[in-house]
Amino acid sequence: MSDERAERIADFIRPLRVEPGSHVRLHRDFDPRDKHGLKKRDGAELLRTGVSLLAEYQDRLAAQDAYGVLMCLQALDAGGKDGTIRHVMSGVNPQGVRVSSFKVPSAEELDHDYLWRYARRLPSRGEIAIFNRSHYEEVLVVRVHPEILDRQKLPDGARGKNLWKRRYREINHWERHLTDNGFKVVKIFLNLSKEEQRTRFLKRIDLPEKNWKFSAADVRERRRWDDYQHAFSEMLSATSTPWAPWYVVPADRKWFARICAAAILVHTLMDIDPRYPDVGEEARGQLLATRRELEREAPAGAPADPYAERHPPAGRKHGGRHGRTHRRKHGRKHGRKHG
């Protein structure tokens, strides 16, 4: 991929990045309706380009088998997480992507530390793992609803006033451990406005085919809007690091949010720059021997290597064995014409 294209992608996502050490106030610093001057009619082609690049780089990531990628998606209810995953990952090989959603912790999960259940779903090398909600629920929902801590069986002295600062520190250290070992962490917050959330909730009520998505609990959580805005602001300020920065994506326009998410993930993969493994001399010799054997099995009149016949190397059209196949098929005809 050209350096020019990589730089254009980097320029596009730079305003979305939360600078490490900055003090974030969502209502002040990020506009949920922003679209960076982009027009919707241009969005479809940009998304297709992003999906195509993702497919290419995911294939290389799997072949190299050295790095893994963890993408964490956070948003308020109706923020568009499911749709973002569905559209952005539409062109990739499903064998190389795993999506995990985290609901209310089970009894087994509550018997472990709060990061345990997330660690179990981390990507393998060569894989992209997506957390639809993530370990950041432990400093968001749990912070807005501190009564949840009662079920986490924390020992005496572990629930002091520094609890959230400690969890921020532990999460930062955990993500640093992952990145140091070859697992890139991509963190995207889909920033939805209160009015757009209201509109989407009403749509879920008005359209029968969307009734199943509506939950009265989501509306109850909406009453804690200001508490969540504060929790998100604190989280972004404390956990956007040089090794795992946060990106705040304007989410009121779904088409724009999907383009941004694709660009952020492509940027991460381009930064890794995975390569197809080189084949050693011994293995290459085995490939050539196998190729000769398969070529000898070609039926009469068929190209020895149909792929090479259709895709000859530049400057060597119909050369070598494949050229001889071509001449066998066409040479006598031309000879009668000109001989």
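Calculation criteria
Residues numbered from 1 in each chain as written. Predicted model: local features only at pLDDT ≥ 70, side-chain atom pairs only at ≥ 80, totals over all residues. Heavy atoms only, no water. Phe/Tyr/Trp six-rings, centres within 6.5 Å; stacked < 30°, edge-to-face > 60°. Helix = DSSP H or I, 4+ residues; strand = E, 2+ residues; numbered from the N terminus. Buried < 20%, exposed > 50% of the residue type's maximum accessible area, 1.4 Å probe, protein only. Lys NZ or Arg CZ within 6 Å of the ring centre and 35° of its normal. 1 Å grid on protein atoms, 1.4 Å probe; cavity = no way out; pocket = protein on both sides within 12 Å on 5 of 7 lines; lining within 4 Å. Points joined across faces, edges and corners; volume = space filled by probe spheres on them. Nonpolar A, V, L, I, M, F, W, Y, C, P; charged D, E, K, R; others polar. Pairing = 2+ DSSP bridges.

Focus: the packing of aromatic side chains
One pass over the structure, following the stated rule, counts eight aromatic pairs. Aromatic pair Phe 102 and Tyr 118: ring centres 4.6 Å apart, planes at 55°, arrangement tilted. With Phe 102 in the loop between strand E2 (97–101) and helix H5 (107–110) and Tyr 118 in helix H6 (residues 116–119), this pair connects stretches of sequence that are 16 residues apart. Looking at Tyr 118, the relative accessible area reads 0%, which means it is buried. Taking the centre distance of 5.0 Å and the plane angle of 80° together, the rings of Phe 102 and Phe 131 count as edge-to-face. On the criterion of sequence distance, the pair formed by Phe 102 in the loop between E2 and H5 and Phe 131 in strand E3 (residues 128–132) is long-range, its members being 29 residues apart. As far as burial versus exposure is concerned, Phe 102 and Phe 131 are alike and both buried. Of the aromatic side chains, those joined through ring pairs into one cluster are Phe 12, Trp 255 and Phe 256. The positively charged end of Arg 176 is found above the aromatic ring belonging to Trp 243, 4.6 Å away from the centroid.

Regarding the layout of surface pockets
Of the voids in this model, the largest pocket is the one considered here, and its volume is about 1400 Å³. Put simply, the parts of the chain that give the lining of the largest pocket at least two residues each are helix H4 (81–88), helix H7 (141–144), helix H9 (194–206), helix H10 (216–222), helix H11 (225–239) and helix H12 (254–272). Counting residues per element, the lining of the largest pocket draws most heavily on H9, which supplies six residues. Of the residues assigned to the lining of the largest pocket, the class counts are 16 nonpolar, ten polar and 22 charged.

What about empty space enclosed by the protein?
All told, the structure shown has one cavity of 30 Å³ or more when counted by the stated rule. By volume, the largest cavity is sized at about 50 Å³. What lines the largest cavity is simply Gly 79, Gly 80, Thr 84, Leu 190, Arg 200, Ala 251, Lys 254, Ala 257 and Arg 258. Broken down by element, the residue count for the lining of the largest cavity peaks at three residues, all from H12.

Focus: the pairing of strand E1 (residues 68–75)
Across the eight residues that make up E1, a large majority, eight, are buried. Across the two faces of E1 the burial is the same, with Gly 68, Leu 70, Cys 72 and Gln 74 and Val 69, Met 71, Leu 73 and Ala 75 all buried. The pairing of E1 with strand E4 (residues 183–191) spans eight bridges and is classified as parallel. Among the inter-strand pairings, Leu 73 is bridged to a residue of E4, identified as Ile 188.

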